[in-house]
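Each chain, letter by letter, is given below.
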Amino acid sequence: MNATRSTQDLQAADAAHFLHPFTDFQGLARKGSRIITRADNIYLWDSEGHQILDAMSGLWCVNVGYGQQALVDAAARQMQQLPFYNAFFQTATPPAIELAELLSQVTPPQFQHVFFTGSGSEGNDTVVRMVRRYWQVLGQPQRQVIISRHNAYHGSTMAGASLGGMSGMHEQGGLPIPNIVHIDQPYWVQHGRQMTPAEFGIVAARWLEERILAIGPDKVAAFIGEPVQGAGGVIIPPETYWPEVQRICDKYGILLVSDEVICGFGRTGHWFGCERFGFRPDLMTFAKGVTSGYIPLGGVMVGERVARVLIDQGGEFEHGFTYSGHPVACAVALANIRLIQQQRLVEHVHDDVGPYLAKAFESLAEHALVGTAETCGLMGALLLVKDKATLTPFDPAVSIGMVCRGHCFANGLIMRAVGDRMIIAPPLVITRAQIDEMVALIRRCLDLTLADARSAGWL
Ligand SMILES: *Cc1c(COP(=O)(O)O)cnc(C)c1O
C-alpha cells in the first residue's frame, strides 16, 4: 500500500482524517506528518528513505529493538490458533496463563498475581479501582486519597491523567478526578540546589509525609510514582528518595504503587525500577516494554498483601476489559520476555551499555549548552542551559529544546525535548558502537543548537 502512495498523498489523507494524540491538529496538518514506513534494530526509515536512529525506542517501549522475528512468529502462530478469547466467563487461554506465571517469576517475590489490561493507562485505572476496593474490603472505605507527584505521567484516561501531574492535561477536561492529590517531584535542579542531592532526596520524600498528615493518615489509600519519571523529562531521584518513601508508606500503612510502564523490563539495568532504587511496592503497573510495543498490552502486578485480601475476602471484583489477557498480546509478551532472558538484555544494560552510556554522557556534560547530564540504565537527559556555572535557563520564549529537537530530526536522530531537557531511552539491544554513533549525532545537534543560540543572541 505504502509503495504505491506518495508521501504527499499520505500526508494529505493524514491531515484530512487522522487526529493524532497529544498534537496541535492544525499545526500538524499545515506541516505534514513524517511517515515512518519500516524499522530494524535501532533504526527507522521514513517514506522518503531517510534512515533515523531511534533513541526513544518508539515511545519508550521497543526494548528488544525492531525486527525481532520471534515476536512476529509468536503473534502469527497465536492468531492462527486462537486470535481471541476473553477471560470473563470463567475461561482462560494458554498464553495468558503462561504469561501470568512467567511474570510472577521475573517480578520481585511479593508478586504472584497479575491483572491484565490493554495499556498502561488502563493499568493505572485498575490501580485506582483496586486500592480503593482493597480498603473497602478491609472496612476502611474512607481511605480514598491517592497521592501522586506534579510532573508525573500515568497515562491519558480520566484516572491516568488525574494521577499524572501534567498541568496541561488537568486544564483540559476538569481533572483531576476527586481524591487524587499531588506533591512536588524530586527534581533537584528545580527544588533542591541549596542542598546535596542526598539531603534533598529525604526532604522531597518528607513532602509525602507532610501531605499524609495534612490529609489524615486514615484517609490515604496509596502513593504512586514512577521510579524515574519518564515523560516528565527523565527525572532521576536522589538515591535517598525511594527508601524514605518506603519508610513513610510503611509507617502509615499506605499502599505503595510503582508505575513501571517505562522502568520495567530492563530499562534501568534491573528487571524493574523498584529493584534499582531499593523499594518494595504493593502494586506495580506495567505496559510498553512487556511486549516491546509490538502489540498493546498492560497490566498490574498485585502483591500478596493486596491479592490475599481481594482473593480471600473480596468476592467479585467488578472490573475488567474485553482485552484483559488477550491471547495474541500475551503470546507476544511471552516471546518478548523470553528473548530478554535469552539475550541477557538486563545484564547487557546493567554491566555493559548502561555504564558505557553514563561515561558518554559525562563527556557531553562538558558541552557549553549542557547544564546537567544524567543517566539511569538506558535512560538519559541533558538539561540545556544558558549558563553552565549557574544553571541559568534560556528565555522560555526561545524553546531551546524544540530548536535542538529540530536539528535532531534533520540529522537522522530521534531525541525528545521535554522543556529544556533533551531525553533518550534507546532500545536495550543497542551496542557500544551504536552508542558512539548516537552520541556523535547528539553532539552535532548540540553544536548546531549552540550556533543558533550564538547567532540569534540568546546567550
Ligand atoms: C506511557 C505511560 C503510561 C500510559 O501507558 P499507555 O499505554 O500509553 O496508556 C503510564 N505510565 C507511564 C509511566 C508511562 O510512561
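Everything here concerns the structure above.
What counts, and at which threshold
- Residues numbered from 1 in each chain as written.
- Predicted model: local features only at pLDDT ≥ 70, side-chain atom pairs only at ≥ 80, totals over all residues.
- Heavy atoms only, no water.
- Salt bridge = Lys/Arg side-chain N within 4 Å of Asp/Glu carboxyl O.
- Helix = DSSP H or I, 4+ residues; strand = E, 2+ residues; numbered from the N terminus.
- Buried < 20%, exposed > 50% of the residue type's maximum accessible area, 1.4 Å probe, protein only.
- Pairing = 2+ DSSP bridges.
- Contact = heavy atoms within 4.5 Å.
- Axes fitted to C-alpha atoms, helices over the stretch in contact; angles between N-to-C directions.
- Patch = residues over 30% accessible without salt bridge, like charges linked within 9 Å, V, L, I, M, F, W, Y side chains within 5 Å.
- Areas by Shrake-Rupley, 256 points an atom, 1.4 Å probe, with all protein chains shown as cover.
- Core = buried A, V, L, I, M, F, W, Y, C linked by side-chain atoms within 4.5 Å.
- Domains from an automatic or database assignment.

(A) Molecular detail of the pattern of salt bridges. On inspection of all chains with the given rule, the structure shows 16 salt bridges. Between Arg247 and Glu209 there is a salt bridge; the shortest N-O distance is 3.8 Å. In this pair, Arg247 sits in helix α11 (residues 241–252) while Glu209 sits in helix α10 (residues 197–215), placing the two residues 38 residues apart along the sequence. The exposure class assigned to Arg247 is partly exposed, which follows from its relative accessible area of 35%. For Glu209, a relative accessible area of 11% gives the class buried. Between Glu374 and Arg421 there is a salt bridge; the shortest N-O distance is 3.2 Å.

(B) Examining the sheet that holds strand β1 (residues 36–40) more closely. What the 4 strands build is an open sheet, ordered β1-β2-β3-β13; its pairing is mixed. Looking at strand neighbours, the two that pair on one side only are β1 and β13 (413–414), the edges of this open sheet. By the bridge criterion, 4 bridges tie β1 to strand β2 (residues 43–46) in an arrangement that is antiparallel. Each bridged residue has a counterpart across the sheet, and for Ala39 the counterpart in β2 is Leu44. Against the sheet, helix α17 (residues 432–456) contacts β2, β3 (51–54) and β13, and its axis sits at roughly 105° relative to β3.

(C) Structural context of the environment of Ala381. Examined against the element boundaries, Ala381 turns out to sit in strand β12 (residues 379–384). If we skip the residues at most four places from it in the chain, Ala381 touches Gly233, Val234, Phe361, Thr372, Ala373, Glu374, Arg421, Met422 and Ile423.

(D) Representation of the pairing of β2 in the model. The two faces of β2 match: Tyr43 and Trp45 on one face and Leu44 and Asp46 on the other face are all buried. Sheet topology places β2 next to β3; 3 bridges connect them, and they run antiparallel. Looking at the pairing, Leu44 lines up with Ile52 of β3. Where β2 folds back on β3, the antiparallel hairpin that results is connected by 4 residues, among which Gly49 adopts a positive phi of roughly 85°.

(E) Representation of a nonpolar patch on the surface within the structure. Taken together, the side chains of Phe84, Tyr85, Phe88, Phe89 and Tyr323 define a hydrophobic patch exposed on the protein surface, amounting to about 550 Å² of accessible area. Note on placement: Phe88 falls in the loop between α4 (69–81) and α5 (94–106).

(F) The arrangement of the nonpolar core in detail. Core analysis: the largest hydrophobic core is formed by 113 residues, its most contacted members being Leu103, Phe223 and Met438. At 10 residues, the largest contribution of residues to this core is made by helix α14 (residues 327–342). Each of domain 1 (34–64 + 344–456) and domain 2 (69–342) accounts for three or more of the residues forming this core. When near neighbours in sequence (up to four residues on either side) are disregarded, Leu103 contacts Val114, Phe116, Phe265, Phe286, Val290, Met301 and Ile337. The next biggest cluster of nonpolar side chains, apart from the first, holds 24 residues, and it includes Phe115, Met130, Val131 and Leu283.

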